[in-house]
Structures are given as C-alpha cells and as structure tokens.
Amino acid sequence: MPKRMFSILGDDDPTPVMVYREDGQSPFIFSGDHAGNVVPNALTSLGLPSSELARHIGIDIGIAELGRMLAETLDATFIWQPYSRLVIDCNRLKGQADSIPEISDGTVIPGNLGLNDTDIAARQNAIFDPYHHRFRATLDRRAETGRRSVLVALHSFTPHHSDYPDARPWDIGVLYNRDDRLARPLLDHLRREPGLIVGDNQPYVVSDALDYGIPVHGEARQILSVELEIRQDLLGDEAACRVWADRLARILPASLQDVGEVEMGI
C-alpha cells in the first residue's frame, strides 16, 4: 500500500501495518495494536522525550517480540501496528477521548493538545484505517478459502499505574466480552501453570464501548477470540519473551482443542 496517500506519513516513516508470516497455516492470528512506539516525523515526537515513548503509555512493551515468536513457533500470522498508541490508539473507537489522549498516566502529551477535526482525521486515515482494513482483508481472505481464524489480541500492562494505589498482582490476564468460549479453557490451563497469578477479566475488561479489536474483528464475525494482557516486566528482554512464547505456544492449541471437544459434546 503506497505511503504517499497518507499525508501525515513521509517517505522515511514506516508503513502503518506490519505483517509477519502472512501465509502461516495455523488457525491463530495474533494482533499487536500497541506493539510499536514510532511517531511520524511530521509530529516531532509529540513533544515528548524518548523515555516517555518507551514506557507503557507509548507502547505495549515486549509484544512485538512475543508476537513474532508465537507466529514463528505456531506457523501463525502476526499483524501489528508500529506507531505509538499516543499517536492514535488502534484498540479504541474513533472519537473516544483516549483514542488520541491529551494526558496518559499523568504525562501531558503536548502534540495531542488542541487538535482539530482535520488533525484527527489525518491520523485516522494514515494509521487506524489501513491497519484495520488489512486485518479485515486478511480475515476475509481466510474465510473465503475455508480457513479457520482464531483471534488472539496481544497486550502488555504496567504493574504500577497512577490510577491504582497498589501494584497489580497478576502475571497475565485473560480478557473477553460476550464470547468466553476460548477464554474459559485458556484460564483453566494457565491456572495449572506453577506460580502464575492469572486474572479473569483483570486488569481490564473488554467492552463494545471501549475496545475495537475483539468486538469488531472477533465477536462481530463470530470467530473465537480472546485478549491476553501480560505484565510488562515479565517481557523485558528476549529470553523473557521466549518463556512466554513457549508457554503460550503450548497452552493456546490445547485450549483450542478443549473448545472443539465441548462444541462436539465430548
């Protein structure tokens, strides 16, 4: 997709969609809505130092690495977004206040202050729309050829946030909305892992009012879907990501098999 059509992106800016192993044969398709922290050159880092863009307000730490590892191990597809969630949040409905936040976890985002409708539309047209168009097109193509798709949205969360007085205790959270067909066996398998603290719709919940990926790409299509939130300090380097990739590459297929057995009444 030519980048010239997006006025906010220049020749030196990355394409708004990254796809790893597009032809992966696994039913799993992984998403990384917040996997990158790039800011278009035209937006001059949103007026923030690199240290702010590198923390949880700017990126889901470790998710780009984890997604690639999972795609490699399972022969699956990983579609992810290289731009910072502070530029535009690709897991939020258009028009929501935190779609382009003016403040995040106590940090004012200078480049997001006082935006007009044209500014907002430019970010939507350049980043949000092509990312989700590519996701829809990928799911459509798989459906047309009779291939099953199981959506797993990958995210990471900070253990410390200004809105929470205590550290979040969970190592991983399994999030879902109306459809818990995959979430339930996944929770069961994760709880059997020694030493893991597993959250059931913690530290967040998925909802039609707040989220985009699971409600739109998963539930609206009636395909199995789930969101995983892993504590970011457990994804701090390649070795840590490998631990989680190996664990999830074992647990996700087992959970999917459990769903099939329940649906067949076994």
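1. Notes on the overall build of the protein chain
Regarding its fold elements, the protein chain presents 6 helices and 9 strands. Taken against the 2.2 N^0.38 rule, which gives 18 Å for 266 residues, the C-alpha radius of gyration of the protein chain at 18 Å falls within 12% of a compact globule. By principal-axis analysis of the C-alpha atoms, the protein chain measures approximately 55 × 45 × 35 Å. Within the protein chain, the fraction of its 266 residues that count as buried is 54%.

2. Thoughts on helix α2 (residues 63-74)
In this model α2 runs 16 Å from its N-terminal to its C-terminal C-alpha over 12 residues, within 8% of the 16 Å that 1.5 Å per residue would give. Within α2, the full set of buried residues consists of I63, A64, L66, G67, M69, L70, A71 and L74. After α2 finishes, the residue D75 shows a positive phi value of roughly 55°.

3. Observations concerning the environment of E193
The topology assignment puts E193 in the loop between α4 (183-191) and β8 (198-200). Sequence separation of E193 and A121 is 72 residues, and the distance between their C-alpha atoms is 45 Å. Ignoring anything within four residues of it in the chain, the contact list for E193 reads R247, R250 and I251.

4. Some words on the nonpolar core
Among soluble globular proteins, nonpolar side chains are generally buried collectively. Residues F28, F30, L66, L70, L154, V174 and L248 are the most contacted members of the largest nonpolar core, which totals 40 residues. Only β2 (28-32), α2, β3 (77-80), β6 (150-157), β7 (172-175), α4, β9 (225-231) and α6 (238-263) provide two or more residues apiece to this core. For this core, the element with the highest residue contribution is α6, accounting for 9 residues. Those residues within four positions of F30 in sequence are excluded, and the remaining contacts are L70, L74, A76, T77, F78, I79, F135, V152, L154 and L252.

5. Observations regarding unusual backbone geometry
Backbone torsion omega between Q202 and P203 reads 5°, so that peptide bond is classified as cis. Backbone geometry places D105, a non-glycine residue, at a positive phi of 45°. Judged by relative accessible area, which is 18%, D105 ranks as buried.

6. Describing the confidence of the model for the protein chain
Residue-level pLDDT values for the protein chain average 93, and 93% of them are 70 or greater. Across residues 1-6, confidence stays below pLDDT 50; counting only partners more than four residues off in sequence or on other chains, it has 14 contacts.

7. Focus on the pattern of salt bridges
Tallied over the full model, the rule gives 21 salt bridges. Where salt bridges share partners, they join R21, E72 and D75 into one cluster.

8. Thoughts on the packing of aromatic side chains
According to the stated counting rule, one finds 4 aromatic pairs in the structure shown. Taking 6.2 Å as the distance between ring centres and 15° as the angle between the ring planes, the aromatic pair formed by F78 and W80 counts as stacked. For the ring pair Y131 and F135, a centre distance of 6.2 Å and an interplane angle of 65° mean the geometry is edge-to-face. A residue pair is termed a helical-turn pair when its members lie 3 or 4 positions apart in one helix, as Y131 and F135 do in helix α3 (residues 117-144) at 4 residues. When sorted by exposure, Y131 lands in the same class as F135, which is buried. Here the guanidinium or amino end of R247 rests over the ring plane of W244, the centre of that ring lying 4.5 Å away.

9. With respect to the side chain of S31
Along the chain, S31 turns up in strand β2. S31 has contacts with F78, I79, Y131, F135, L151, V152, A153 and L154, leaving out every residue within four places of it along the chain.

The rules behind each value
- Residues numbered from 1 in each chain as written.
- Predicted model: local features only at pLDDT ≥ 70, side-chain atom pairs only at ≥ 80, totals over all residues.
- Heavy atoms only, no water.
- Helix = DSSP H or I, 4+ residues; strand = E, 2+ residues; numbered from the N terminus.
- Rg over C-alpha atoms; globule rule 2.2 N^0.38 Å.
- Buried < 20%, exposed > 50% of the residue type's maximum accessible area, 1.4 Å probe, protein only.
- Expected span 1.5 Å × (residues − 1).
- Contact = heavy atoms within 4.5 Å.
- Core = buried A, V, L, I, M, F, W, Y, C linked by side-chain atoms within 4.5 Å.
- pLDDT = per-residue confidence, 0-100.
- Salt bridge = Lys/Arg side-chain N within 4 Å of Asp/Glu carboxyl O.
- Phe/Tyr/Trp six-rings, centres within 6.5 Å; stacked < 30°, edge-to-face > 60°.
- Lys NZ or Arg CZ within 6 Å of the ring centre and 35° of its normal.

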